[in-house]
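# Survey of secondary and tertiary structure
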Amino acid sequence: MTTKRTIRIQTHTGIKSLKLEIDFDSEDIDEITQMTIKTHYQGKEIIAFGSRYPFEDAFANLQNKLPESVTLTGCVTCRHGNLCPVGNYPNELYCTKDVSINCKSDLYFYTENEGECKKRSRQFTDYCDDFKKQEESVFTYNDYLYYLSDKSR
């Protein structure tokens, strides 16, 4: 299964868009074990991989392959981009920019209530003006920062 997406990036010259081709190793959502992200930046092809469902690791791998002056600024890298505590689909998270989330259990209402779920559902590459970079000191139920620190991948 292949999808095309665009993610915003911050560079030393401002905000830009980066075109992504995202491939999954299966058409069956229950059988997916790997995500591959392909893009081009400054004339070079970059290929990033993820194998940890729901694949924040692929975006961390992409970030680690970009120049240090480039920062991914999609929902997957935002402190408000939280996963669902009872299970996710690839490329899905929930925006909690208007509520305080201090632990995993704080997310249950926002991800299990049908109206809240519909209102907050986002894709990893989405972006809004309330973007805030993830930080170790602010709880986000999302493993992007964990995978970002693993530079061996």
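Here, the structure is the one placed above.
What comes next concerns the included structure. (Residues numbered from 1 in each chain as written. Predicted model: local features only at pLDDT ≥ 70, side-chain atom pairs only at ≥ 80, totals over all residues. Heavy atoms only, no water.)

## Let's talk about the pairing of strand S4 (residues 44-50)
Working note: regular strand, side chains alternate between the two faces of the sheet. Keep this limit in mind: What makes two strands pair is DSSP finding at least two bridges between them. Counting from the N terminus, the helices are DSSP H or I runs at least four residues long and the strands are E runs at least two residues long.
Taken together, the 7 bridges between strand S3 (residues 35-41) and S4 define a ladder with antiparallel strand orientation. Residue pairing for S4: Lys38 is matched across the bridge by Ile47. Counting the residues between successive antiparallel strands, the hairpin from S3 to S4 contains 2 residues, one of them, Gln42, with a positive phi of roughly 50°.

## Notes on the side chain of Glu56
Heads up, the rule is: Relative accessibility decides the category of a residue: with a 1.4 Å probe and only protein chains considered, values under 20% of the type maximum give buried, values over 50% give exposed, and everything between is partly exposed. Charged residues are defined narrowly, with Lys and Arg counted positive, Asp and Glu counted negative, and His plus the chain ends left uncounted. We count a salt bridge whenever a side-chain nitrogen from Lys or Arg sits within 4 Å of a carboxyl oxygen from Asp or Glu. Any two residues having at least one pair of non-hydrogen atoms within 4.5 Å are treated as being in contact.
Positionally, Glu56 belongs in helix H1 (residues 56-65). At 9.1 Å, Arg52 is the nearest oppositely charged side chain to Glu56, a buried residue that forms no salt bridge. With residues near it in sequence (within four places) discarded, Glu56 still touches Val76, Leu83, Phe124, Asn142, Asp143, Tyr144 and Tyr147.

## Quick notes on the nonpolar core
To be explicit about the condition: We call a set of buried residues a nonpolar core when its members are Ala, Val, Leu, Ile, Met, Phe, Trp, Tyr or Cys and they connect through side-chain atoms within 4.5 Å of each other.
Membership of the largest hydrophobic core comes to 29 residues, with the highest contact counts inside it found for Leu20, Met35, Ile37, Phe59, Leu62 and Leu66. Going through the elements one at a time, strand S1 (2-11), strand S2 (14-24), S3, S4, H1 and helix H4 (144-148) are the ones with two or more residues in this core. Residues in contact with Leu62, not counting those within four places in the same chain, are Leu20, Ile37, Thr39, Ile46, Ala48 and Leu72.

The quantities given are spatial measurements derived from coordinates; they are silent on function.
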